[in-house]
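What follows is the residue order along each chain.
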Amino acid sequence: MAGLWALVIAMTHSPASAGQRPVPDPGDRRAGVSRYFGGPQGFAIPTVPCDPAGPSASDGVMADQLNPQLHAKMAGYLNAYKMSCARAVTQAVKDRGLNPRAAAIAIATIIVESSMNNYAQAVDYTSLGLFQQQDWWGTREERLNPAHATNAFLDAMEQQYPGGSWNNEAIGEVCWHVQRPREDLRGLYAIEADDATLIANALWSGMSGGPRHPYASGRVVSGRSADGRLEAFAAGADGVYHSWQTAVNGDWSQWRFAGGPRNAQLAVAANADGRLELFALSDSTFDHMWQTAPSAGWSTWENFGGGGHRLAAGNNADGRIEVFASNTNGVFHRWQTAPSGGWAGWEGTGGGPADARLAVENAPDGRLEVFALSDATFEHLYQTGVNGGWSAWENFGGGGHAVTAGHNQDGRLEVFASNANGIFHRWQTSPTAWSEWTGTGGISNAELTTSRSVDGRVEVFAINAGAAKHAWQTGPNAAYSPWEDFGGGGTAVGAGNNADGRIEIFGTSHAGVYHRWQTGFTTWSEWGWLNGSGPAIN
């Protein structure tokens, strides 16, 4: 053992002076060396809890689900304790306002550095904790606190990669540049990148601690499975078609005909346990189907109600799905009586425009808000308390063609509507007050969707029979760019976000379903078929 530790010491540089904040420096030996000698179970060194309450039951369940999917160091070695540590790291990233890719970078680092163990005894020099940070990163207590240690790591990452440029660098390279081990050990982090992404995405999807913002409804919709893969659905004249990513941030499957209502309007929502649920409304029936387990296959269709015009779905703050549908009598809703549980019966909402187009969003405190646009009027409904009852309908503007809703980085809601004169928007000036309607230009009578770039900027996509257009906030919570060409005309548009935050756009026409995706965080691919044309949507 003495020889081993002599080798450990020989492999490291002298530590910086105590109390010094870490500043990126190629000569600085930042991290411990458990990765060089420790297997996936780590050293027999004392650890401290990552969660003061200890691992949760769901930590063990998630570890069991993920172990068979991993391919590198942690394959088969995840347990409830290690998942609790990854959960603490991911929560720190989420609390900081960064994206799942930042969580994957941090998790790849702790896999390499400590095998996801919060080591309470120094491994090399003064290295402690998940990231094996030496004493110039903070006090002993700070380095053993996962939130503090993660934020110290992210501070260094954002110094190395200002302006979010870490999004455009390979995960392994970001880890290496922050940790700075020897050059010949550079590739160790890249080996863990895919597994770290899988773990981060699973944790991100299953975390509470803030509203889960809805997926947009329409003729083509997309939601993200618990493992981070996007799943897309398109409503054809003969039923619903389904395609899915075969790998996180990756390629797509061939289209699968899933049956269900014809010429439907679609909405997708995530159950509290991570299972996606799809809702399909036609003029004669309302059906739904769901994943039988997180990231798994799908049930058969089950009736959900009678026919109607449009629908939207969102999540209460406690995770329960709530579904809204319009018909000639107004707007109705139905909700889960428990997270991932059964359903209440349909109830009216006290009115609402007949045959309205619907959008749902979550206020910053998690309350659901509903926007209903008909040819003649625009009305607005909102929960009066978190997970609670509903207000009366309020006037929100005049009639129009289509509506979509999104949220700013600071949580304030933003609503877009189209009519024959172009595209207009209205936004919250505070959690309870709204601006007036403001024109943005754009194309007439467009179908609309919104998404958010990785830094929190709202991006808006519009399509009509003649053209597709795109506008975006010039900064978080800021004004919008002019509209830019985004392609030819079509019949519907939908949006999703890949697990690394890149936006993916789905467009439909009488020929089938196309997609276009961000190749970086400001650049786009060309339009192409979604692995085959899929259904025609008129």
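Residues numbered from 1 in each chain as written. Predicted model: local features only at pLDDT ≥ 70, side-chain atom pairs only at ≥ 80, totals over all residues. Heavy atoms only, no water.

By the naming in an unreviewed UniProt entry, the protein chain is PLL-like beta propeller domain-containing protein, taken from Streptomyces virginiae.

Q: Tell me about the overall build of the protein chain, residues and numbers included.
A: Tallying secondary structure elements over the protein chain gives nine helices and 29 strands in all. A compact globule built from 538 residues would reach a C-alpha radius of gyration of about 24 Å, and the protein chain, at 24 Å, matches this within 12%. When its C-alpha atoms are laid out on the principal axes, the protein chain stretches across 80 × 45 × 45 Å. The buried share among the 538 residues of the protein chain stands at 57%. Sequence-distant contacts in the protein chain: of pairs separated by 6 or more residues, those separated by 24 or more amount to 50%. Carbon and sulfur atoms form 51% of the exposed surface of the protein chain, whose accessible area is close to 19600 Å². Counting 34 positive and 50 negative side-chain charges, the protein chain places the centres of these two groups 3 Å from one another. (Helix = DSSP H or I, 4+ residues; strand = E, 2+ residues; numbered from the N terminus. Rg over C-alpha atoms; globule rule 2.2 N^0.38 Å. Buried < 20%, exposed > 50% of the residue type's maximum accessible area, 1.4 Å probe, protein only. Contact = heavy atoms within 4.5 Å. Areas by Shrake-Rupley, 256 points an atom, 1.4 Å probe, with all protein chains shown as cover. Lys, Arg positive; Asp, Glu negative; His and termini not counted. Charge placed at Lys NZ, Arg CZ, Asp CG, Glu CD.)

Q: Talk me through the nonpolar core; I want residue IDs and the actual numbers.
A: Counting residues in hydrophobic clusters, the biggest one holds 52 residues, and the most contacted among them are L78, I107, M157 and I199. Sorting elements by how many residues they give to this core places helix α5 (residues 100-114) first, with ten residues. With sequence-adjacent residues up to four places away left out, I199 is seen in contact with L66, L70, L78, M83, A86, I107 and I111. Counting 14 residues, the second largest nonpolar core, distinct from the first, contains A235, A264, V268 and W298. (Core = buried A, V, L, I, M, F, W, Y, C linked by side-chain atoms within 4.5 Å.)

Q: Tell me about the sheet that holds strand β15 (residues 377-382), residues and numbers included.
A: If you walk across this open sheet you meet the four strands as β13-β14-β15-β16, and the pairing is antiparallel. Every other strand in the sheet has two partners, leaving β13 (357-362) and β16 (394-398) as the edge strands with one partner each. The sheet shows a mean angle of 20 degrees between the axes of neighbouring strands, taken without regard to direction. As judged from the six bridges shared by β13 and strand β14 (residues 368-373), these two strands associate in the antiparallel manner. Within β14, the position partnered with R357 by the bridge is L373. (Pairing = 2+ DSSP bridges. Axes fitted to C-alpha atoms, helices over the stretch in contact; angles between N-to-C directions.)

Q: An account of the packing of aromatic side chains is needed here, citing residue identities and associated values.
A: Applying the stated criterion across every chain, the model contains 23 aromatic pairs. Taking 5.0 Å as the distance between ring centres and 90 degrees as the angle between the ring planes, the aromatic pair formed by F396 and W434 counts as edge-to-face. Highlighted residues: F396 in strand β16 and W434 in strand β20 (residues 433-434), separated in sequence by 38 residues. Note on accessibility: F396 and W434 belong to one class, buried. Aromatic pair F486 and W524: ring centres 5.0 Å apart, planes at 90 degrees, arrangement edge-to-face. Of this pair, F486 sits in strand β25 (residues 484-488) while W524 sits in the loop between β28 (512-517) and β29 (528-529); the two residues are 38 residues apart in sequence, bridging distant segments of the chain. (Phe/Tyr/Trp six-rings, centres within 6.5 Å; stacked < 30°, edge-to-face > 60°.)

Q: Describe in detail the state of the cysteines, supporting the description with residues and values.
A: Counting across every chain of the model gives one disulfide. Two residues, C50 and C85, share a disulfide whose sulfurs are 2.1 Å apart. Classification of the bridge connecting C50 and C85 rests on its S-S torsion, roughly 85 degrees, and on that basis the disulfide is right-handed. Of the two residues, C50 is situated in the loop between α2 (34-37) and α3 (57-66) and C85 in helix α4 (residues 80-96); the sequence distance between them amounts to 35 residues. Of the two residues examined, C50 and C85, each falls in the buried class. (Disulfide = S-S within 2.5 Å.)

Q: Describe α5, naming the residues involved and giving the relevant values.
A: An α-helical turn contains 3.6 residues, so any two residues separated by three or four positions project in the same direction. In this model, α5 (15 residues) spans 21 Å end to end at C-alpha, consistent with the 21 Å of a helix rising 1.5 Å per residue. Counting buried residues along α5, 15 of its 15 residues qualify, which places the element largely inside the surrounding structure. (Expected span 1.5 Å × (residues − 1).)

Q: Could you give me a rundown of the side chain of Q265, with the residues and numbers involved?
A: Looking at where Q265 falls in the secondary structure, it is placed in strand β5 (residues 265-270). Those residues in contact with Q265 that sit more than four places away from it in its chain are G218, R219, F279, A280, L281, H309, R310 and L311.

Q: Pulling in residues and values, what's your account of the environment of S243?
A: Here S243 shows up in strand β3 (residues 239-244). Measuring from C-alpha to C-alpha, the distance between S243 and R367 comes to 31 Å, with 124 residues separating the pair along the chain. The residues contacting S243, other than those within four sequence positions of it, are E231, A232, W252, S253, Q254, W255 and L530. A polar side-chain atom of S243 sits 2.9 Å from the main-chain carbonyl oxygen of S253. (Polar contact = N/O pair within 3.5 Å; in protein donor to acceptor, adjacent residues only side chain to side chain.)

Q: Could you give an account of the UniProt feature "domain: PLL-like beta propeller" (unreviewed entry) in the protein chain, naming the residues involved and the relevant values?
A: UniProt feature "domain: PLL-like beta propeller" (unreviewed entry): in the numbering of this structure it lies at residues 218-488. Its end C-alpha atoms 19 Å apart, residues 218-488 is made of 0% helix and 52% strand. (UniProt positions renumbered as here; feature names shortened; annotations may be inferred.)

Q: I'd love a proper account of the environment of M83, names of residues and values included.
A: Structurally, M83 is set in helix α4. When its relative accessible area of 0% is taken as the criterion, M83 is described as buried. C-alpha of M83 to C-alpha of L203: the two residues are 120 residues apart in sequence and 8.8 Å apart in space. When sequence neighbours within four positions are dropped, the list of residues in contact with M83 reads D59, M62, A63, L66, L78, I199 and L203.

Q: Got a sec to walk through the pattern of salt bridges? Specific residues and values, please.
A: Under the definition given, this model contains 17 salt bridges. Close ionic contact of E173 with R186 constitutes a salt bridge, the shortest N to O distance being 2.5 Å. A residue pair is termed long-range when its members are at least 10 positions apart, and E173 in helix α8 (residues 171-179) and R186 in the loop between α8 and α9 (188-206) qualify at 13 residues. The class of R186 is partly exposed, set by a relative accessible area of 23%. One salt bridge in this structure joins R320 and D318, with 2.9 Å as the shortest N-O distance. Taking relative accessible area as the criterion, R320 reaches 10% and is therefore assigned buried. Taken together, the shared-partner salt bridges connect D51, D59 and R87 into one network. (Salt bridge = Lys/Arg side-chain N within 4 Å of Asp/Glu carboxyl O.)

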